[in-house]
Amino acid sequence: MEELINKLKAEIIEVLNLEDISPGDIDAESPLFGEGGLGLDSIDALELIVLLEKNYEIKIENPQDGKTIFFSIKSMAEYITEHQAA
Amino acid sequence: MNNRLYISGHCRIKDNRVELNGEPVFTQKDSNFSEFIKALYRDQQFQYSKFFKMDNLSKLGFAASEILLRSIHINVKGSEVGVVLANANSSLDTDVRYQESIKDKTNYFPSPSVFVYTLPNIVIGEICIKHKFTGENALLISETFEADQLFDHTMSLFKDGKVGSCLIGWVDYYLDDYDAALFFITRDNDKKTNFESEKIKSIYQNWS
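A brief report on the enclosed structure follows. (Residues numbered from 1 in each chain as written. Chains lettered and ligands numbered in written order. Predicted model: local features only at pLDDT ≥ 70, side-chain atom pairs only at ≥ 80, totals over all residues. Heavy atoms only, no water.)

Next up on the list: the interface of chain B and chain A. It is common to give the size of an interface as the accessible area that goes away when the parts come together. Facing the twelve residues of chain B at the interface are twelve residues of chain A. Contact between chain B and chain A buries roughly 1100 Å² in total, counting both sides, with carbon and sulfur atoms accounting for 56%. Together, Lys53, Phe109 and Pro112 of chain B form the three largest contributors to the area buried by chain B at its contact with chain A, with a combined 51%. For the pair chain B and chain A, the interface holds three salt bridges. With a closest N to O distance of 3.7 Å, Arg42 of chain B and Glu19 of chain A form a salt bridge. For the interface between chain B and chain A, the tally reads five residue pairs in polar contact (both at pLDDT 80 or more). Elements with a contribution of two residues or more to the side of chain B that touches chain A: helix H1 (33–44) and helix H4 (112–115) of chain B. (Contact = heavy atoms within 4.5 Å. Buried area = accessible area lost by both parts, 1.4 Å probe. Salt bridge = Lys/Arg side-chain N within 4 Å of Asp/Glu carboxyl O. Polar contact = N/O pair within 3.5 Å; in protein donor to acceptor, adjacent residues only side chain to side chain. Helix = DSSP H or I, 4+ residues; strand = E, 2+ residues; numbered from the N terminus.)

Structure, rendered in structure tokens:
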């Protein structure tokens, strides 16, 4: 899980052009959106959906699940692990 | 009310050089646009992380507007500040990049963050969001810098009472070839440079 979390951090920094942030700056359990986290916006959310499809071949079938899946890096890693094992 | 209009300041970014009111601000030789604009961001301490998410056209316009607007005291409300920009290549640089990302149907992953910049007036939006400008705006397309066109459009906004100040100019980017020339037009005559078509034309052409 730790390896996947670190990989996700690097991928997110690259795909979202988070120029001033390094993987070490990101707390895996902090919220990705809103205050107190990375402060991502709705376009970033769409990029994360594309990232899951492109890099992990996981398609989110129910848009309502997005809030839970993309709550944090850790929740994303858990979702990927769960769906790749399935 | 003073009905005369003045150029409060102007900024130019071209050939890896930045000038504010004709004075050098920043230069970085032998680098491509990406390296140059990043170095300018650091040097001028923009501290606006969204900058790195912008496309090249928006980065160029945003950087020129930051440098220019920092030097100016705007004494009208944001709702009275207009933005009128022009360019030759519209958003073609990003359009091409987006097309590249979708042309292979077997590897089809359109990027939402690239797609949102496939309109030329997004650069205006980025400037307006940063400075809370909500006045009239327009993006005009012409093959070359046309001072008369910019002048006429800007004058009509002032005459109709649509704006109290206006950021105007040229912001063009395509394949690492770029040019930004912005002017801030106001009723304040501190600088005593009259807003005239010939004046903005001569400022634009006076670049060596």
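All right, on to the sheet that holds strand E7 (residues 177–186) of chain B then. All names here are of chain B. Sheet architecture is open: seven strands sit in the order E3-E2-E1-E7-E6-E4-E5, paired in mixed fashion. Each edge of the sheet is formed by a strand with only one pairing partner; in this case those strands are strand E3 (23–27) and strand E5 (137–141). Sheet twist, expressed as the mean angle between neighbouring strand axes with direction ignored, is 15°. Sheet topology places strand E4 (residues 81–87) next to strand E6 (residues 165–174); six bridges connect them, and they run parallel. The partner of Leu85 across the bridge, within E6, is Gly169. Contacting strand E1 (6–14), strand E2 (17–20), E3, E6 and E7, H1 crosses the sheet at an angle of about 115° to E3. Strands E4, E5, E6 and E7 of the sheet are contacted by helix H6 (residues 147–159), whose axis makes an angle of about 150° with E6. (Pairing = 2+ DSSP bridges. Axes fitted to C-alpha atoms, helices over the stretch in contact; angles between N-to-C directions.)

Now for helix H7 (residues 197–205) of chain B. All names here are of chain B. Looking only at H7, the buried set comprises Ser197, Ile200, Ile203 and Tyr204. Down the axis, H7 shows its buried residues gathered within 135° of arc, on one side only. The outward face of H7, more than 90 degrees from its buried face, is lined by the exposed residues Glu198 and Gln205. As for H7, its buried residues are in contact with E1, H6, E6 and E7. (Buried < 20%, exposed > 50% of the residue type's maximum accessible area, 1.4 Å probe, protein only. Arc of directions from axis to C-beta.)

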